[in-house]
Amino acid sequence: MDRSRSSSGPPTKGSVYTNIDHAPVTSVLPNGDVPYTDHAMDADERVITALGYKQEFKREFSLWTTFCVSFAVLGLLPSFASTIYYGMGYAGTAGMVWGWIIAMLFIQCVAMSMAELCSAMPTSGGLYYAAAVLAPPKYGPFAAWITGWSNWIGQITAAPSVDYSLAAMILAAGSIANPEYVPTTWQTFLLTMLIMIIHAAVSSMPTKWVAQFNSYGSTFNMLALVAVIIAIPAGTKNEPKFQPSKQVWGTITNLTDFPDGVAVLMTFVGVIWTMSGYDSPFHLSEECSNANIASPRAIVMTSGVGGLMGWFLQLVVAYTVLDIEAVIDSDLGQPWASYLLQVMPRKTAMGILALTIICGFSMGQGCMVAASRVTYAYARDDCFPWSRYWKKVDPRTHTPVNAVIMNAVIGILMCLLILAGDVAIGALFSIGAIAQFVAFSIPIAIRVFFVGNRFRRGPWHLGPFGRAIGGLGVSFVLLMVPILCLPSVTGGNLTPDLMNWTCLVYGAPMLAVGVWWVVDAHKWFKGPKVNVEHAIHPVEEDGSAIVDVGVEVEDPESDGDQPSPTQASRKSTKK
């Protein structure tokens, strides 16, 4: 029986076809577009092939190692050390403990909605792919364009901001050990650049080595976090050891010019920046075994475990800190180091700072890995100039080395903001928070408000609560975007060096991306680009097999939230 086929070449005898009608994923392939390969596929390859992509990475990440990468990206201890200024410095202890709880409830909604999308579309493109598939047909490429660039901006600012904080902590430790030593901005920049280069080298190693490195680093992160949570209350030198609960929970130390409620909302920048790394399993899904179940589980595990342990750390600091203003305004230039010296004996404080530095190194490397996978995925669809270079996978390491190098160079250039002062480099933290959560919310909003019955759930889903949970998460992001752009002072107190430059540093490149779309990109960018060999219609070929994925799928006539009893199966057709 003769069927028409695509120009990519005819199938050969023994080809294996993937029936996307029964795949537990939401694909960019049109109905009847049947991808095929010249070899038998396992379950993971059938899923990624049904999504329109070749299997190019080795799947050497498991649920645990994927969770380890994302938990390393979270880096709760170094993240808290890097953002303590925003939590404690805006609204005091009450802002810290209440702000974290409130923000985490909504962040968990975003994380669970993202996990549902990941189960349905486990690709390195992640949110960008989901936006393209779920948006109304005429708007899919534009939704992918905005989502992809916002996500990429957030990803490439992560490693520089982490490595800058890490360099500042290392130099602060030097100042504590030698009070006569005063770090210069050039020394901070050069140390940050060195750390970026080391992280780029580690991230270019074979996938198995990267997974093992992050597994060790994440395990150390978790152990160090538990050790610090126990060591601070047990070893504090202050008398009394703890602040009264009434003061911790009920006293807002408002160091901004805004009302108390707004000041508490402003503390969310620390929570949001800390918790912006749980999308890493999405971007690593093409390297993960059993990806459409393990990757969404890793997302939810990261957000849940990270949120709970982060709150415990907030409580420990809130109950032990004595003088908030002294911590924020210390000459050390690093509030975490100032806090440790305030509440702990000198040697113990140095030990905890050393643990934080090691954890920060692991966190920065995890950020570099995640960002490189995002860059690779977008370059694969020709989003960048000279994409043909950035989408290459090194034949020896099977990792996107060119994408790693590109991100490292851009990150080092960003770190030149260090030379412009603390406020300028501090904008990287707010940019990362806004850029990531804007990218998180776009495909979730499309799924909640516009997708109708075009969303095919994966094996991990939220059932009938998916739309409500997603709606809460999107509403939270809409509230927080303007809040994250507020400066801490207003009126006559607002000077250029105290201005929050986030709206400019994030808004300018996004405006440029929008103009690029209107002027030129809309002519050639059509969203995710299929790279599998495929036939436009189902093919019957002697010796060939049409393979279904073998899981329960939804009835296309349903509302998108109720599964049908249809059970996919494996079958073979003969001429």
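Residues numbered from 1 in each chain as written. Predicted model: local features only at pLDDT ≥ 70, side-chain atom pairs only at ≥ 80, totals over all residues. Heavy atoms only, no water.

As recorded in an unreviewed UniProt entry, the protein goes by GABA/polyamine transporter and comes from Aspergillus melleus.

## Considerations on the overall build of the protein
Of the regular secondary structure elements, the protein holds 20 helices and seven strands. Residue burial in the protein is summarised as follows: out of 575 residues, 59% are buried. A separation of at least 24 residues holds for 81% of the contacts in the protein among residues at least 6 apart in sequence. As displayed, the protein has an accessible area near 22,000 Å², and 65% of this comes from carbon and sulfur atoms. (Helix = DSSP H or I, 4+ residues; strand = E, 2+ residues; numbered from the N terminus. Buried < 20%, exposed > 50% of the residue type's maximum accessible area, 1.4 Å probe, protein only. Contact = heavy atoms within 4.5 Å. Areas by Shrake-Rupley, 256 points an atom, 1.4 Å probe, with all protein chains shown as cover.)

## Some details on the nonpolar core
Where a protein is soluble and globular, its nonpolar side chains tend to be buried together. Counting residues in hydrophobic clusters, the biggest one holds 159 residues, and the most contacted among them are Ile107, Met121, Tyr278 and Trp336. Apart from the residues lying within four places of it in its own chain, the contact partners of isoleucine 107 are Val271, Ile272, Met275, Tyr278, Ser303, Phe437 and Phe476. With five residues, the next largest nonpolar core counts Val97, Leu315, Ala318 and Tyr319 among its residues. (Core = buried A, V, L, I, M, F, W, Y, C linked by side-chain atoms within 4.5 Å.)

## Some details on the pattern of salt bridges
Under the counting rule described, the total for this entry stands at one salt bridge. Here glutamate 116 makes a salt bridge to arginine 447, at a shortest N to O gap of 3.4 Å. A residue pair is termed long-range when its members are at least 10 positions apart, and glutamate 116 in helix H3 (residues 76–120) and arginine 447 in helix H18 (residues 422–449) qualify at 331 residues. (Salt bridge = Lys/Arg side-chain N within 4 Å of Asp/Glu carboxyl O.)

## Points about the packing of helix H12 (residues 291–320) against helix H14 (residues 335–343)
Direction vectors running N to C along H12 and H14 enclose 55 degrees, while the axes themselves pass 11 Å from each other. By the angle class used here, H12 and H14 are oblique. Where H12 crosses over H14, the two elements pack in a sense that is left-handed. Residues Val316, Val317 and Thr320 of H12 touch H14, and the partners they reach there are Trp336, Tyr339 and Val343. (Axes fitted to C-alpha atoms, helices over the stretch in contact; angles between N-to-C directions. Parallel < 35°, antiparallel > 145°, perpendicular 65-115°, else oblique. Left-handed = near helix turned anticlockwise from the far one by under 90°.)

## Quick look at a nonpolar patch on the surface
On the surface, Trp186, Leu190, Ile405, Val409, Leu413, Leu416 and Leu419 cluster together to form a nonpolar patch covering roughly 660 Å² of accessible area. Counting only elements with at least two residues in the nonpolar patch, the list comes to helix H6 (185–203) and helix H17 (401–414). Among the elements that take part in the nonpolar patch, H17 stands out by supplying three residues, more than any other. Position of leucine 416 relative to the elements: it lies in the loop between H17 and H18. Of the residues examined, leucine 416 reaches a relative accessible area of 40% and is grouped as partly exposed. (Patch = residues over 30% accessible without salt bridge, like charges linked within 9 Å, V, L, I, M, F, W, Y side chains within 5 Å.)

## Points about unusual backbone geometry
The linkage connecting glutamate 239 with the following residue, proline 240, adopts the cis geometry, with an omega of -5 degrees. Assignment of secondary structure puts proline 240 in the loop between helix H7 (207–235) and helix H8 (245–250). Unusually for a residue other than glycine, asparagine 290 sits at a positive phi of about 55 degrees. Summarising the element assignment, asparagine 290 is placed in the loop between helix H11 (280–283) and H12.

## Some points on H12
For H12, built from 30 residues, the straight-helix expectation of 44 Å at 1.5 Å per residue is met to within 8% by its first-to-last C-alpha distance of 42 Å. By the criterion of burial, H12 is predominantly enclosed, with 22 of the 30 residues buried. (Expected span 1.5 Å × (residues − 1).)

## What to know about the packing of aromatic side chains
By the definition in use, this model includes 26 aromatic pairs. Linked through ring pairs, Tyr128, Phe142, Trp145, Trp149, Trp152, Tyr378, Trp516, Trp517, Trp524 and Phe525 together constitute an aromatic cluster. (Phe/Tyr/Trp six-rings, centres within 6.5 Å; stacked < 30°, edge-to-face > 60°.)

## Examining the environment of serine 289
Tracing the chain through its elements places serine 289 in the loop between H11 and H12. We classify serine 289 as partly exposed; its relative accessible area is 37%. Counting along the chain gives 226 residues from serine 289 to leucine 63, while the straight-line C-alpha distance between them is 7.7 Å.

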